[in-house]
Structures are given as structure tokens and as C-alpha cells.
Amino acid sequence: MMERTDRFIKREYRKALFPIMFSVLGGTINTLIDSAFVSQSDGPDALAAVNLCMPIYLILCVIGALISNGAVTLSARRIGKKQQDEAIKIYHSAFSWFMLIGVVISVAGIFLARPLAVMYSHGGTLVESVYDYAIVTLIGAIPTISIYLPIKYLQLEGNNKSISIMMIIMITSDIVLDYVLLFVLKMSLTGAALASVISTLAATVYGMVMLQRGVLFKIKIKSLNLKYTLKIIKYGFPSAIGNLVDSLKMSLLNALILTTLGSAGVAIWAVLNSLSEISITISTGVPQAASAMIGVYYPSRENSSIRSLVKLQLLWGTVLSVGYGILLVAFNKPIQGLFAVDQSILMPITCLAIGMVFDMVAGIWVKYLNTIGRITLSGIINVIRKLVFPICVAHILVSYHAYLWLFLPIGGVLTLVTGFGLILFYLIYHNNREKYSLSGVLLLDDHLEREKKILDFSIEPDTEQICDAAVKISEFCEIHEMDQKVLMRLSLAIEELLTVLAEHFPDTKSVDMRAFVMEEETGIQIRMEGEYFDVFKAAEEEEEDPTKYMGVTMMKKMASATNHYYALGINTIHIFFER
């Protein structure tokens, strides 16, 4: 008996996971590289200055996350609703905002860099160092905020290879430039910031070029617009709030640690921040690799695929978080030497290693809730995760003269407990008020599954299973009272359509099939990975052998509507019949 398997989902998720994690790493590793080079060339004070500039960098990340995450989530949902043209318009709107805001920040940065340096260094001896790093970072805002756009949309197109190349360009060029500008040209913090900006620009340009060579998201000057601004902000709000509260948290904790533990404590905190930037690769990259797929699947209630994706996130996230934590603890002394820190960092690193496992689970929750449209709930959990619990717990520990770094694991535990309670409360509240109840902590509407109005299964595209799939869908349509006159032709047309697709994609090992019944129509969905191929368009344009696409033409004539879209490196076909 044919059933829906996880093979297709697992393969697509794995293909996206490591390039996306690499992209998150690339977005944060410049600061880590700068910190390591600066500490070796200019000492602990320069390292502390880079850390004090982190809130400025995070503010830029707020803007990048707000626009890019909002736009790509909205585009994915539009594609899931079969509104591909709208998805492209949203991309153009996001690009327009990146260019406009980037120019404004670059100009304003010339005047704001010094006041910000004074504020973040608390008027101390590090003002000039902070200023040198801050002014270059602000003037170079355009690539810093806009690099998110090609990363997100390359993922939505399924071009994960280009994302990896972007990050290789960024990381290697940053390392080379840091060495040249700091050790050869002796440019100190100005050189470190300049290396980050130039390397980010190089990666961004490459990513945009790859998008222009892709299928969907190509910039056209006439299509630039600001039409979707409010909707982009709505869906980007939780991610932006996360980066905003990160910036606020950094400022508050910097002040608390500087007051409590002095510059030595700030240096340790700088090391932990640099290492936690890599852990963000896991806590952000793992859910981000699934978010585009969930965004496409959620509008059509493909709950089995969504559940599989959440399980994959938890599995990979746990393995990677625990593995990274073990490495940090095992190599604490070399890390201490790399950052030229005098005090032992074993216990602080242990606290970080434990805390980031809980943070990873919370990160999956936050991204998932945002993708399915539970934006307020996602934002609340993100704020308590990133700001409320870390700051409150740190202040309590300081007040009772307890070990300060314990705020990392304790804050993570409190976030999970509180987040679970909030989701449970929302579930009860919704189910008591709405017609269709939601199920479990994933808040999925599964009433079509409960009423057996959805048929999900997977096949290997060989002759026998193609025939069995056609029969199975015909039987499902018969149960739901589809016109008997068309059932025989429907079975034949499905069989021939799948045969054409299998011949075009000979290396495909799995095809996901779905039949569903709504109030006014019955629908069939077919998903196959591979390059862009619109089988209905190919049938219209075929001139040499009209019989080649006979089944496809028959299917289109029988259907009330057909639709093809390409996203995530997957061809999706929808065929609808009036009931």
C-alpha cells in the first residue's frame, strides 16, 4: 500500500540545511573573524571595542531581517496559494526598500557614528576605537542589510549551491582583507570594519547575479515598487524584533558586565558572543532551512509534510547543538589562547554550551510560528527568549552574588517552559472560539484529514507505481462523488501525465502525490524535484510529435483549471475539477 514517505522531504531539507546554516554563519562570522584578528593585532581593549560595536551591527541586522524575512515568507505563502506573480512583485518591493534605506543609513552614519560611539563606550577610553569601527560599518550599510535578500530568495528558488558560494566569497575575502589591512597596512579597527564591508559587498553582488540568472526573481527596473510594505513588515516583525532586542540585550549586558566584572569580564563576554554567533548558525539556520518549505506547504494544509519538517529540525538541531557544545568545552584552552584572554573560560563556555541547546528549540518555535502566520505569539516568545529572561536572570544573579554566566542556561529553560505555556493557552483559546480546532503544539488545521478529504502518498516513478497511483486517485475521487463519466479518462490522463514527467526527470526517485476535496472542487497535486519544467506549456509548444503530450492535453481539457509553479527546486502541478 502506497503511503506518504519522508524521503522526499528529508532529501530537500538536507539539500537546504547546510547551505542555509553556512549563510547564517557567513552573516555573523565576519564579527568573529574581526574579533580574532583585532585581539591578536591590537589586544584585549580592541576586542572589547568590537564587542561594544555589536549593537550597531545588530541594528543593521534588524533592518535586513525585517525586510528579507518578511518578503520571503510572504512570497512563499503566495507561491503556496498559486499566486506566483504576486511573489515576484513582493521581491521587487523588498529590493526597492533595501536600496532606499541603505542610502539613508550610509549618509546618516557620517553624523551619528561619534554620538553612538560615546553612548556605547559610556564615554570611557574606548570611544575612539569604537568610533573607528562604527563609522565604517554605518557607511557600508547597503551590503550589510541587503545580503539577506539574495540568500533568502536563492533558497526559495532551490539554488542552495549559490548560497554556499556566496558565503565562501564572504569568509575568504574577509580573512584575506583582515590580514592585509590589520597586519600589513596597520589600519587597526578601521581596517577590520572595512574588510567586513568589502567582503559582504562581494558576496551580495554574486548572489544578485545568480538570482538574475534564475527562473523567477529577476530585477526589472519597471517593476520596482513599495506596494507591499505593510505586509512585508508584518511577516518580518518577529525576526526584526529578535535582532532589535539582541541589540538592546547587548547594550544592557555590556553595561552590567562592565560594572560587575570590569574590562576582563567584557573580554570574556566578547568571546562568548563570538562563539554564540556560531551557535546562531544552528538555532537560526536549522529552522530557516525549513521555513520556505513550510511557507509553501502551509496554505494547502500539507500537514504531514510540515510535521516531518519539524521533526527533522529537532533532530538535526539537537545533534548539531550538542556536538558544537562538546567541542567548545573540549577546546576551551585553545579558544582562550586564540582570543588572548587571561582568565579561564571553561565555566563560561560550559554555561554557553548548555544554554544554546534550549535556545535552539526556542528558535525552531519562533520561526515556525512566524511562518504559519501566528506572528504575535512568535514575537512574544522571541522577546522573552532574547531579552526578558537573559536580563532578568542576570540581574538576579548579580544581586545575590551568584555566578553570572548561569543566566545563559537558566534563561533558556525558562523560555521553553513559558513558551509551551503560551502555546497551550492559545490552543485552548482558539479551539473554544473557532469552527475548526487546531491540533497540538504545531497549531495545525487538520479537519480535512479527520474528515478523510485528503489523500497523501508517495511513489517511485516506475510503470507499475504510476499505474497504481492513477487508480488510487480515481478511487478517491469516486468515493467523493466525482462524475463517473470522467473517472476512466481521469485515470488514463494521470497515468500519461506521470509517464511524461518520469521520462523528463529520469533521475527522480520519489514523487509526492496528493488528492483533496473542497466544497466546490476536487484537486490533484504532483511534486517532483528537478530543473524548471512546465509540462502544460511544453504540451502547447510541442510541434514535432503531437501525440507525445496527448494525456497532458486531455487532462487540461478535463480540468476546470491547471497551475504550475517552481519553487525550492521543485516543480508543483495543480489540477482542479469542478464537483
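The present account deals with the structure reproduced in this document. (Residues numbered from 1 in each chain as written. Predicted model: local features only at pLDDT ≥ 70, side-chain atom pairs only at ≥ 80, totals over all residues. Heavy atoms only, no water.)

1. Some points on the overall build of the protein chain
In terms of regular secondary structure, the protein chain is built from 20 helices and 7 strands. The C-alpha radius of gyration computed for the protein chain amounts to 26 Å, which stays within 12% of the reference 25 Å derived for 579 residues, consistent with globular compactness. With the C-alpha coordinates of the protein chain rotated into their principal frame, the extents come out at 85 × 50 × 40 Å. Here the protein chain holds 579 residues, and 59% of them are scored as buried. Expressed as a percentage of contacts within the protein chain between residues at least 6 apart in sequence, the contacts between residues at least 24 apart total 77%. Of the roughly 24000 Å² of accessible surface on the protein chain, a fraction of 64% belongs to carbon and sulfur atoms. Distance from the positive charge centre (47 side chains) to the negative charge centre (50 side chains) of the protein chain: 5 Å. (Helix = DSSP H or I, 4+ residues; strand = E, 2+ residues; numbered from the N terminus. Rg over C-alpha atoms; globule rule 2.2 N^0.38 Å. Buried < 20%, exposed > 50% of the residue type's maximum accessible area, 1.4 Å probe, protein only. Contact = heavy atoms within 4.5 Å. Areas by Shrake-Rupley, 256 points an atom, 1.4 Å probe, with all protein chains shown as cover. Lys, Arg positive; Asp, Glu negative; His and termini not counted. Charge placed at Lys NZ, Arg CZ, Asp CG, Glu CD.)

2. Concerning the packing of aromatic side chains
The tally for this structure, following the rule as stated, stands at 12 aromatic pairs. When the ring of Phe18 is compared with that of Trp316, the centres are 5.5 Å apart and the planes differ by 90°; the resulting orientation is edge-to-face. With Phe18 in helix α1 (residues 7-42) and Trp316 in helix α11 (residues 303-330), this pair connects stretches of sequence that are 298 residues apart. Classification of Trp316 as partly exposed rests on a relative accessible area of 23%. An aromatic cluster is present here, built from Phe37, Tyr179 and Phe183 joined pairwise through their rings. For Arg114, the ring lying beneath its charged end belongs to Tyr131, and the centroid distance is 4.1 Å. (Phe/Tyr/Trp six-rings, centres within 6.5 Å; stacked < 30°, edge-to-face > 60°. Lys NZ or Arg CZ within 6 Å of the ring centre and 35° of its normal.)

3. Some remarks on the pairing of strand β6 (residues 561-567)
Most of β6 is tucked away, with 5 of its 7 residues classed as buried. With 7 bridges connecting them, β6 and strand β7 (residues 570-578) associate as antiparallel partners. Bridge pairing in β7 links Asn563 to His574. Hairpin connection from β6 to β7: 2 residues lie between these consecutive antiparallel strands, with Leu568 at a positive phi of about 65°. (Pairing = 2+ DSSP bridges.)

4. Here we look at the environment of Pro299
Mapped onto the secondary structure, Pro299 falls in the loop between α10 (229-297) and α11. Put simply, Pro299 and Ala76 are 223 residues apart on the chain and 9.6 Å apart in space, counted from C-alpha to C-alpha. Beyond its immediate stretch of four places on either side in the chain, Pro299 contacts Arg77, Gly80 and Lys81.

5. Describing the side chain of Ser106
With respect to the helices, strands and loops of the structure, Ser106 is situated in helix α4 (residues 84-120). Given the relative accessible area of 13%, Ser106 is considered buried. At 2.9 Å, the side chain of Ser106 and the backbone oxygen of Ile139 are in polar contact. Apart from residues lying up to four places away in sequence, Ser106 is in contact with Leu138, Ile139, Ala141 and Ile142. (Polar contact = N/O pair within 3.5 Å; in protein donor to acceptor, adjacent residues only side chain to side chain.)

6. Focus on a positive patch on the surface
On the surface, a cluster of positive charge is contributed by Lys81, Lys227, Lys231 and Lys234. As for its position among the elements, Lys231 is in helix α10. (Patch = residues over 30% accessible without salt bridge, like charges linked within 9 Å, V, L, I, M, F, W, Y side chains within 5 Å. Salt bridge = Lys/Arg side-chain N within 4 Å of Asp/Glu carboxyl O.)

7. Details of a nonpolar patch on the surface
A cluster of nonpolar side chains, Val103, Val107, Ile110, Phe111, Leu112 and Ile139, forms an exposed patch at the surface whose accessible area comes to about 580 Å². If you tally residues by element for the nonpolar patch, the top one is α4, at 5 residues. Structurally, Leu112 is set in helix α4.

8. Some words on the packing of α4 against helix α5 (residues 127-139)
One can describe the packing of α4 onto α5 by two numbers: an axis separation of 8 Å at closest approach and a directional angle of 165°. It follows from the interaxial angle that α4 and α5 lie roughly antiparallel. When the axes of α4 and α5 are compared, the crossing they make is right-handed. The residues of α5 that touch α4, namely those facing Ile105, Ser106, Gly109, Ile110, Ala113, Arg114, Leu116, Ala117 and Val118, are Val127, Glu128, Val130, Tyr131, Ile135, Leu138 and Ile139. A class-by-class count of the residues in the contact of α4 with α5 yields 12 nonpolar, 2 polar and 2 charged. (Axes fitted to C-alpha atoms, helices over the stretch in contact; angles between N-to-C directions. Parallel < 35°, antiparallel > 145°, perpendicular 65-115°, else oblique. Left-handed = near helix turned anticlockwise from the far one by under 90°. Nonpolar A, V, L, I, M, F, W, Y, C, P; charged D, E, K, R; others polar.)

Functional significance is not addressed by these values, which are geometric in nature.
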